[in-house]
Amino acid sequence: MTRYILRRLLLMIPVAFLVTIGIFVIIRIAPGDPVLTYAGENPDPVTIAAVRADLGLDRPLPVQYAAWLSRAVQGDLGRSFQTHQRVTEAIIERLPVTFELGVAAILISVTLALLIGTISAIKRNSAVDLVTTSVTLAGVSFPNFYLGLLLILLFAYVVPGHIFPPGGFTPFATDPGDNLRRLVLPAITVATASLAVNLRQVRSSLLDVFGQDYMRTARAKGLHERAVIVRHALKNALIPVVTIIGIQIGAIIEGAIITETIFFIPGIGRLAVQAIPSQDYPVVQGVVLVSALSFMLSTLAVDVLYAFLDPRISFGSAEA
Amino acid sequence: MSEVALPVVVSLQKPGRVSSIRYFLRRNPRMIVGGVLLFILLFMAAFAPFIAPYDPIKVNIADQLQPPSFQHWLGTDDLGRDVFSRVLWGSRVSLSVGVISVSIGFLVGVSIGLLAGYLGGTFDLLAMRVIDALLAFPALVLAIAITASLGPQIQNAMIAIGVVAIPGYARLTRGQVLAVRSSEFIAAARTVGVPPWRIMLRHIFPNIANALVVQATLATAFAILAEAALSFLGLGPQPPYPSWGQDISYSQRYLANMKWWMSAGPGIAIFIAVFTFNFLGDALRDALDPRLRRSG
């Protein structure tokens, strides 16, 4: 397995290299000149040149890229044009917040998907199943930023008692209770779209498994229906669900960008959204790079887990 | 005289195109529901200038922040603009972004996938590494980065969402081409000297079109949602022009005053549009996938 993981990590290098080029080119083709944002009002040419040199933007693009990449591989993503804070430091400060939101969203999404998906599959074509599949389709189609606003409206202005505050963030170490209360609404917002996808996957995987011979054998042995479902059906049906959850990491990162903006959560998504209007290149580059690398690593983790969970998949064949 | 058994000639009438479509729809009633929803959406977008009761950008302070009524079905915003009219005009933005960006993704992605799958070798290797690099980005993050870089305009949102859609088509097409490439009819076409571009377009493409149609329908749903998200972040069409995402973002400041109708119209509109394409995509997949068709 170690060889497989190493091989996959090595294969990631050229892709990661292309990703860095992509990020650099995308950010630098911007039509505006960030120097003008930082040179103050009515700057003279000497000031503009000085600011340009200070930001390192006076050098040719390939040189800027090489310098950025060589520093990036050492963990230095440059300094924010706006705040002069180190980008790596800014991301590290905010990453745990986004991570906490992502974990909470995955927990909500997976727990509900397993519960409702299993009931829906067992009671296939019943009213419960019909409602579940309809809600699933609705969940995929609902814009998460609108859902976020509706939740804020509901819990801040309609439901009495302010059970869940409509925004802001309190670190877990400062006040665990307040941290969790503030996490509920944003986590539900991020979880909804992925819940719909996970639920659909649990249901269809279970339906596939229900038709297998070993299910008939388990029932013929006289096993209790609950044991048949939990020990035989769910165990096998969960394998493709793992893949789907892995793919959801991307959706979680996407969801975090919008959700952190709505709920004023100081995560990396909000950091990027705040950096975009001021053309703060290093911050946008850093956040996009971290998002892409996290997505790539989570995909790798899922592939490894998938091969580990399903003995029919050998690490050799999975390499293809 | 011995009896001679004459061959019985039964003239089989080939079913016409209309009756084939009717049969197809009868077997797949969900297609009818999806089709009707799509027709309503397209009708609203196409005839928005005639259906909309008010000018969507004309300020009318006297009517500001009116709740839904007979005069203003979905109420008015803080500038007295009719929300229903803005929703109708906004459908033009969302649907055009959906269709154009999906077309960009379709054309580029399918071309890359066809060439990579059919030619193989170095082109396949290089093209797929680039596609892998594009796939390494969470889709919306990439769309935000591209739009932020090109500038907040509707055309740039279309390009960004189109670029994001490319890898999906390329991967799907390549996989389908690899499955079809070794078929006997392709070998036969090659043997009689049919040029490669013709084999790709006339022999392979029609055989993989079903999967691509399904992908295009579902990708349109994603494109509408992505455009709304970009507009919400201020990266889509700029005010005062109506756009669903931007209107929801604008309405946030009135949330505390319980002016819920400002966001309800565009929010529900996004939901219906995305739901329509998702529903249609699912129905198409069920109708066109032979495995699902058999299992009923």
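Residues numbered from 1 in each chain as written. Chains lettered and ligands numbered in written order. Predicted model: local features only at pLDDT ≥ 70, side-chain atom pairs only at ≥ 80, totals over all residues.

A. Spotlight on the overall build of chain B. Counting secondary structure elements, chain B contains twelve helices and zero strands. Reading chain B from its N end, one meets helices and strands in the order α-α-α-α-α-α-α-α-α-α-α-α. By the compact-globule yardstick of 19 Å for 296 residues, chain B is too spread out, its C-alpha radius of gyration being 25 Å. Looking at chain B as a whole, 44% of its 296 residues are labelled buried. Within chain B, counting contacts between residues at least 6 apart in sequence, those at least 24 apart form 69% of the total. (Helix = DSSP H or I, 4+ residues; strand = E, 2+ residues; numbered from the N terminus. Rg over C-alpha atoms; globule rule 2.2 N^0.38 Å. Buried ≥ 20, exposed ≤ 12 C-beta atoms within 10 Å, placed from the backbone. Contact = placed C-beta atoms within 7 Å.)

B. Local environment of helix α9 (residues 213-220) of chain A. The buried fraction of α9(A) amounts to zero of the eight residues, a small share that puts the element mostly on the outside. Directly after α9(A), the chain includes G222(A), whose backbone phi takes a positive value near 90 degrees.

C. Spotlight on unusual backbone geometry. Note that the residue after P239(B), namely P240(B), is joined by a cis bond; omega there is 10 degrees. Looking at the element boundaries, P240(B) is found in the loop between α9 (196-232) and α10 (244-251). The backbone phi angle of H84(A) is positive, close to 65 degrees, even though this residue is not glycine. Within the element layout of this structure, H84(A) appears in the loop between α4 (61-72) and α5 (87-122). With a phi angle near 55 degrees, F264(A) is a residue other than glycine that sits in the positive phi range.

D. Looking closely at the interface of chain A and chain B. Contact with chain A, which involves 36 residues of that partner, is made by 35 residues of chain B. For the side of chain A that touches chain B, the element with the highest residue contribution is helix α1 (residues 2-28) of chain A, accounting for seven residues. The class makeup of the residues in the side of chain A that touches chain B is 30 nonpolar, five polar and one charged. (Nonpolar A, V, L, I, M, F, W, Y, C, P; charged D, E, K, R; others polar.)

E. Looking closely at the packing of helix α2 (residues 29-46) of chain B against helix α11 (residues 261-288) of chain B. Residues and elements named next belong to chain B. Two elements in contact, α2 and α11, have axes whose closest approach is 9 Å; the angle formed by their N-to-C orientations is 150 degrees. Relative to α11, the crossing made by α2 is left-handed. Counted together, R30, M31, G34, L37, L38 and L41 of α2 and A273, T276, F279, L280, A283 and A287 of α11 form the full contact between these two elements. Looking at the contact of α2 with α11, its residues break down into nine nonpolar, two polar and one charged. (Axes fitted to C-alpha atoms, helices over the stretch in contact; angles between N-to-C directions. Left-handed = near helix turned anticlockwise from the far one by under 90°.)

F. Fine view of the environment of I112(B). You can see I112(B) is positioned in helix α4 (residues 83-119). Along the chain, I112(B) and P49(B) lie 63 residues apart, while their C-alpha atoms are 39 Å from each other.

G. Main features of the nonpolar core. Formed by 151 residues in total, the largest nonpolar core has its most connected members in A272(A), V284(A), A143(B), I144(B), A145(B), I161(B) and A229(B). With 17 residues, the top contributor of residues to this core is α4(B). Contacts of I144(B), omitting those with residues within four sequence positions, involve I257(A), L230(B), L233(B) and L235(B). (Core = buried A, V, L, I, M, F, W, Y, C linked by C-beta atoms within 7 Å.)

H. The arrangement of the confidence of the model for chain B in detail. Residue and element names in this part refer to chain B. When pLDDT is averaged along chain B, the result is 88; 92% of the residues meet or exceed 70. When pLDDT is averaged over each element of chain B, α4 comes out on top at 95 and helix α12 (residues 290-295) at the bottom at 51. Model confidence for the complex is summarised by a pTM of 0.85, with the ipTM given as 0.84. (pLDDT = per-residue confidence, 0-100.)

I. Quick look at the environment of L119(B). Residues and elements named next belong to chain B. Its place among the elements puts L119 in helix α4. Taking the number of C-beta atoms within 10 Å as the measure of exposure, L119 has 14 and is therefore partly exposed. Along the chain, L119 and P196 lie 77 residues apart, while their C-alpha atoms are 9.0 Å from each other.

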